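Single-letter residue listing:
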Amino acid sequence: MIAIPEAFSASYAQARVKFLEAAASRGLRIHSFLHPLKGRDGETLAMDVVRDGPVDADKLLIVSSACHGVEGYCGSGVQVHALHDTEWREAARSHGVAVLYIHALNPHGFSHIRRVTQENVDLNRNFHDFSQPLPVNAAYRDVQPLLLPEQWPPGPDNLAATAAFIAERGMPAFQAAVSGGQHEFADGLFFGGTEPTWSNQTVRTVLRQHAPGVKRLGWIDLHTGLGPSGHGERIFAARDDAATLARARAWWGDQVTSMYDGSSTSARLTGLMCFAAYDEFPQAEYTAIAMEYGTRPLTEVMDALRGDHWLHLHPEAPAELAAQIKKTMLEAFYTDTDEWKGQIVSQARQAMFEAVKGLSS
């Protein structure tokens, strides 16, 4: 076991080294899927995958990080700590559960301190059948002009217009319009894309490699940016199905929330990554949550995202302003204190033990 703060990292490159070293020190095989681009410091980018447990196990738990790149600062720490956690590893093994760690689903965003992929796509809105008509988010059309002003920080007119929109329709409506996902504005926020991203295609390859023989599948996908600081909301991450939701609450408690019934801090979303499990594990009973850890107030998180997208559209921005935008972005999705990290690991660890118990029951 290592001290909790030591499991976390100050950069993607450092996080990757810690993950690979933790796996290697346990004698676990590593599969690395190299990204076509380099990181912000010229480092190699990859989606790294480690399976801890027998290849023929019929019960599998996936623990994944950095679906939204910058959120990997949190998720990677959980994964590194888990690989060093002898008690946890023995519990999974004794219950016949193999654990699949997928590190840095979106390594480009992780490295560049962005939430989106290199295609400017929100990976968790990108899992659609692109041969069919894509969902239309008409409400996003109303907020798009407000979200990305010509200057940053926004001027008084933009601030007043945004405040008026929220006052008229309410913060939940604003959140839903912005974060629900959209496929019309390629440079906008929460863009779901018009084709599968590299990360989408790669994670599907990973899932297919581990699908044969799996009868019961659990998935904990690690996220940050919503809710009270340090609190890990357990958000139901599957199709809208009463029996599956009941099973998730039997595993993880009645505090499991759902975007379908309005109990979650998350708006109702489309194109979720969890839907890939139904395609790649059609034979398996599937139960999953997104662990969503709070950081800053929602308005601050939204402004951080707006600033990051503005910077993406304005690479000529002064270096001092660019550095401040990146600092604000990181702080919106990662709280660099020992107390926060302790809250994150303890709640994730509990959820993983509960998942193992649920898979083996």
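Residues numbered from 1 in each chain as written. Predicted model: local features only at pLDDT ≥ 70, side-chain atom pairs only at ≥ 80, totals over all residues. Heavy atoms only, no water.

J.: Honestly, the sheet that holds strand β2 (residues 44-52) in this entry has me stumped. Any pointers?
T.: Consider a sheet: its strands pair through backbone hydrogen bonds, and that pairing is either parallel or antiparallel. Strand order in the open sheet formed by seven strands is β1-β2-β4-β3-β5-β7-β6, and the pairing between neighbours is mixed. The open sheet terminates on both sides in strands that have one partner only, identified here as β1 (30-38) and β6 (232-236). For this sheet the average axis-to-axis angle between neighbouring strands, irrespective of direction, equals 20°. Of the pairings in the sheet, the one linking β2 to strand β4 (residues 97-103) comprises five bridges and is antiparallel in character. Looking at β4, one finds that Asp52 is bridged to Val99. Most of the contacts of helix α1 (residues 12-25) go to β2, to which it runs at about 30°, and overall it touches β1, β2 and β4. (Pairing = 2+ DSSP bridges. Helix = DSSP H or I, 4+ residues; strand = E, 2+ residues; numbered from the N terminus. Axes fitted to C-alpha atoms, helices over the stretch in contact; angles between N-to-C directions. Contact = heavy atoms within 4.5 Å.)

J.: Would you take a moment to explain the packing of helix α5 (residues 138-147) against helix α7 (residues 171-179) for this structure?
T.: Packed helices, taken two at a time, are described by their axes: the angle between them and the distance between them. α7 packs onto α5 with a crossing angle of 90° between their chain directions and a minimal axis gap of 8 Å. Classified by the angle their axes make, α5 and α7 are roughly perpendicular. On α7, the residues touching Ala139, Tyr140, Val143 and Leu147 of α5 are Phe174, Ala177 and Val178. Of the residues contributing to the contact of α5 with α7, the split by class is seven nonpolar, no polar and no charged. (Parallel < 35°, antiparallel > 145°, perpendicular 65-115°, else oblique. Nonpolar A, V, L, I, M, F, W, Y, C, P; charged D, E, K, R; others polar.)

J.: I'm lost on the side chain of Asp221 in this one. Help?
T.: Residue position: Asp221 is located in strand β5 (residues 216-229). Although Asp221 is buried, it forms no salt bridge, and the closest oppositely charged side chain is Arg125 at an N-O distance of 9.0 Å. A polar atom in the side chain of Asp221 sits 2.6 Å from the side chain of Ser64. In this structure Asp221 touches Ser64, Ser65, Cys67, Leu105, Met273, Ile289, Ala290 and Met291, once residues within four positions along its chain are discounted. (Buried < 20%, exposed > 50% of the residue type's maximum accessible area, 1.4 Å probe, protein only. Lys, Arg positive; Asp, Glu negative; His and termini not counted. Salt bridge = Lys/Arg side-chain N within 4 Å of Asp/Glu carboxyl O. Polar contact = N/O pair within 3.5 Å; in protein donor to acceptor, adjacent residues only side chain to side chain.)

J.: Help me understand unusual backbone geometry, please; the structure alone is not making it clear to me.
T.: Excluding glycine, residues mostly have negative phi values, and the peptide bonds linking residues are mostly trans. A cis amide bond links Trp152 to the next residue, Pro153, at an omega of 0°. Even without glycine at this site, Ala104 takes up a positive phi of about 65°. Within the secondary structure layout, Ala104 lies in the loop between β4 and α4 (107-112). According to the relative accessible area criterion, Ala104 is buried, its value standing at 0%. Notably, Ile113 is not glycine yet its phi reads approximately 55°, a positive angle.

J.: Whenever I open this one, the pairing of β5 confuses me. Can you help?
T.: On any regular strand, side chains alternate: one points to one face of the sheet, the next to the other face. With 11 of its 14 residues buried, β5 lies for the most part within the structure. Two elements, strand β3 (residues 59-64) and β5, share six bridges in a ladder whose sense is parallel. When the bridges of β5 are listed, Ser64 appears paired with Asp221. Looking at chain direction, β5 and strand β7 (residues 285-294) are connected through 10 bridges and run parallel.

J.: Whenever I open this one, the nonpolar core confuses me. Can you help?
T.: The nonpolar side chains of a soluble globular protein tend to be buried with one another. By size, the foremost hydrophobic cluster in this structure holds 105 residues, and its most contacted members are Leu61, Trp88, Ile102, Leu217, Ile220 and Trp252. At nine residues, the largest contribution of residues to this core is made by helix α13 (residues 338-360). Not counting the four nearest positions on each side in its chain, Trp88 is found in contact with Leu61, Ala82, Val99, Tyr101, Arg349, Met352, Phe353 and Val356. Counting residues in each nonpolar core, the second largest holds six residues, with Trp152, Trp310, Leu311 and Ile325 among its members. (Core = buried A, V, L, I, M, F, W, Y, C linked by side-chain atoms within 4.5 Å.)

J.: How should the pairing of β7 be read in this particular structure?
T.: The buried count for β7 comes to nine of 10 residues, which makes it a mostly enclosed element. Bridge count between β6 and β7: five bridges; the pairing is antiparallel. Bridging across to β7, Gly232 finds its partner in Tyr293.

J.: What's the story with the environment of Ser229 in this structure? I'm lost.
T.: Within the secondary structure, Ser229 is located in strand β5. Ser229 sits in the partly exposed class, given a relative accessible area of 46%. As for Ser229 and Tyr334, which are separated by 105 residues in sequence, their C-alpha atoms are 9.9 Å apart. If we ignore the near neighbours within four places in the chain, the residues touching Ser229 are Gly294, Thr295, Trp340 and Gln343.

J.: Help me out: how do you make sense of the side chain of His183 in this one?
T.: Examined against the element boundaries, His183 turns out to sit in the loop between α7 and α8 (198-210). Within polar-contact distance, the side chain of His183 engages the side chain of His128 at 3.3 Å. A distance of 2.7 Å separates a polar atom in the side chain of His183 from the backbone oxygen of Gly193.

J.: Whenever I open this one, the pattern of salt bridges confuses me. Can you help?
T.: Pairs may arise between side chains of opposite charge once their charged atoms sit close together. Scanning the entire structure with this criterion turns up 25 salt bridges. Put simply, Asp58 and Lys59 hold a salt bridge, and the shortest N to O gap is 3.4 Å. Using a relative accessible area of 17% as the deciding quantity, one classes Lys59 as buried. Salt bridges here are not isolated pairs; linked through shared partners, they connect Glu71, Arg115, Asp122 and Arg125.

J.: Please explain the packing of aromatic side chains as it appears in this structure.
T.: Between two aromatic rings, the relevant description is the distance of the centres plus the angle of the planes. A complete count under the given rule lists 11 aromatic pairs for this structure. Relative to Phe110, the ring of Tyr12 lies with its centre 5.2 Å away and its plane at 70°, an arrangement referred to as edge-to-face. With Tyr12 in helix α1 and Phe110 in helix α4, the pair connects residues that are 98 residues apart, well separated along the chain. The exposure class of Tyr12 is buried, given its relative accessible area of 1%. The interplanar angle of 70° and the centroid separation of 6.3 Å between the aromatic rings of Phe236 and Tyr260 together place this pair among those described as edge-to-face. Residue Phe236 is located in strand β6, and its partner Tyr260 is located in the loop between α9 (242-252) and α10 (276-280); the two are separated by 24 residues in the primary sequence. Assessed through its relative accessible area of 4%, Phe236 is described here as buried. By relative accessible area, which is 17% here, Tyr260 ends up buried. Taken together through their ring pairs, the aromatic side chains of Phe8, Tyr12, Tyr73, Phe110, Tyr334 and Trp340 make up a single cluster. Note that Arg239 overlies the ring of Tyr278, its terminal NZ or CZ placed 3.9 Å from the centroid. (Phe/Tyr/Trp six-rings, centres within 6.5 Å; stacked < 30°, edge-to-face > 60°. Lys NZ or Arg CZ within 6 Å of the ring centre and 35° of its normal.)

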